[in-house]
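So the chains spell out like this:
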Number of protein chains: 2
Amino acid sequence: MISISRETDYACRVILHLGMLPVGQRVTAQEIARQRIVPRALIRRVVTRLGAAKLVTTTRGSGGGLALARPASEISLRDVVEAMEGAIALNTCVIYPRECPLVKACPVHEAWTNARVALVRELSQATFDKLAARGQMLGA
Amino acid sequence: MISISRETDYACRVILHLGMLPVGQRVTAQEIARQRIVPRALIRRVVTRLGAAKLVTTTRGSGGGLALARPASEISLRDVVEAMEGAIALNTCVIYPRECPLVKACPVHEAWTNARVALVRELSQATFDKLAARGQMLGA
DNA sequence: TACAATGAGACTAGAATAGTATCATTTGGA
DNA sequence: TCCAAATGATACTATTCTAGTCTCATTGTA
Ligand code: SF4
Ligand code: SF4
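The model shown is predicted, which means the values in this text are computed figures rather than measured ones.

Asker: Help me understand the nonpolar core, please; the structure alone is not making it clear to me.
Answerer: In summary, soluble globular proteins display a tendency toward joint burial of nonpolar side chains. Ranked by internal contacts, the top residues of the largest apolar core, which has 85 residues, are Trp112(A) and Trp112(B). Here Trp112(B) is in contact with Ile4(A), Cys12(A), Leu77(A), Val81(A), Leu123(A), Leu90(B), Asn91(B) and Val94(B), once residues within four sequence places are set aside.

Asker: Any chance you could explain the protein's contact with DNA strand C here in plain terms?
Answerer: In the vicinity of DNA strand C, 24 residues are found, and the nearest of them are Ala29(A), Arg44(A), Arg60(A), Arg45(B) and Arg60(B). Near the protein, within 4 Å, the atoms of DNA strand C are sugar or phosphate in 67% of cases. Within the backbone of Ala29(A), one N or O atom sits 2.7 Å away from a phosphate oxygen of DNA strand C. At a separation of 3.4 Å, a sugar or linking oxygen of DNA strand C approaches a polar backbone atom of Gly61(A). The dominant element in the surface near DNA strand C, judged by the number of residues it contributes, is helix 3 (residues 42–52) of chain A, at 4 residues. Taken together, the residues that form the surface near DNA strand C break down as 7 nonpolar, 10 polar and 7 charged.

Asker: Just checking my understanding: could you explain the site of ligand 2 for this structure?
Answerer: Surveying the vicinity of ligand 2 reveals the residues Asp9(A), Arg13(A), Asn91(B), Cys93(B), Cys100(B), Leu102(B), Val103(B), Cys106(B), Val108(B), His109(B) and Trp112(B). Taken together, the residues near ligand 2 originate from chains A and B. For the shell around ligand 2, the elements supplying multiple residues, two or more each, are helix 1 (6–19) of chain A together with helix 6 (107–125) of chain B. At 3 residues, the largest contribution of residues to the shell around ligand 2 is made by helix 6 of chain B. In terms of residue class, the shell around ligand 2 is made up of 7 nonpolar, 2 polar and 2 charged.

Reading the values: rules and limits
Residues numbered from 1 in each chain as written. Chains lettered and ligands numbered in written order. Predicted model: local features only at pLDDT ≥ 70, side-chain atom pairs only at ≥ 80, totals over all residues. Heavy atoms only, no water. Core = buried A, V, L, I, M, F, W, Y, C linked by side-chain atoms within 4.5 Å. Buried < 20%, exposed > 50% of the residue type's maximum accessible area, 1.4 Å probe, protein only. Contact = heavy atoms within 4.5 Å. Near = heavy atom within 4 Å. Polar contact = N/O pair within 3.5 Å; in protein donor to acceptor, adjacent residues only side chain to side chain. Helix = DSSP H or I, 4+ residues; strand = E, 2+ residues; numbered from the N terminus. Nonpolar A, V, L, I, M, F, W, Y, C, P; charged D, E, K, R; others polar.

Rendered as structure tokens:
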């Protein structure tokens, strides 16, 4: 089954949670873990990666926590997936064409490239302002 | 990196090879392995799965080999991927919504569903008659 | 200083991946 | 009839990935 990892899904929950808060408000990772049913010990890795990808800013110490590093409208599902999984490739040759000796005469390579473009486009347009707004509706 | 497995790629090579042959002509798995640079021992598993998915027909014994089970125009990249990987899910909740307790109020779930539709559409339209024709061009 | 929070990373168990190797079965032809 | 050619079905290994737990260091606030 071709799918993202569990951690990536957790990362989406974190960003969504932050996106649904009033702008600039901080919340601790533990609080998100509790509300979004993420294993407590796992959320640390997720937050670290999201921080490294500059999607969230973190503050240590008491009263610290996380917040989005930029407006939710400028963070898409694509950004989160790429931060967690690395590139969205579909097939390795899309990212590393050198590694396949058949690539020059391979029509399938082109098909994967096209599919990747379609997928990335779709994920790029799923920005977290839209998702958060939709989440408010569903939650109410 | 979100990607198909190596075996799935090999499966595409097999189907493409068969699609580029004159209709009905049989060829042995070993011959495909040699021409398309697939490990000899691995191609057996690939062919078995493609046979189980009714994408190819096989004949044992000397003079045997493989051929497409239906016209190349009726086999798409989607069929091959699903035969090898199982469902194209992108996220488990797209296939097994019951397993996530958040699914009812989750806007991200809808986004994954939309992305899946776009990806499957793209892969479905990549039929192997088109790919084979393009392959003839590239190879010439 | 005490405490609350993140940062970094070691560790485990289990599953998936990629590839190799055997042996059985079927079939056509010498 | 018997051999060789071909697929069918597994078993096996080594490696990497996944999901999750745990511990300790670092930072910042009160
Ligand atoms: S055979 Fe074609 S699709 Fe497969 S890895 Fe090579 S270039 Fe890509
Ligand atoms: S949190 Fe949403 S996207 Fe993630 S698995 Fe649950 S329903 Fe799917």
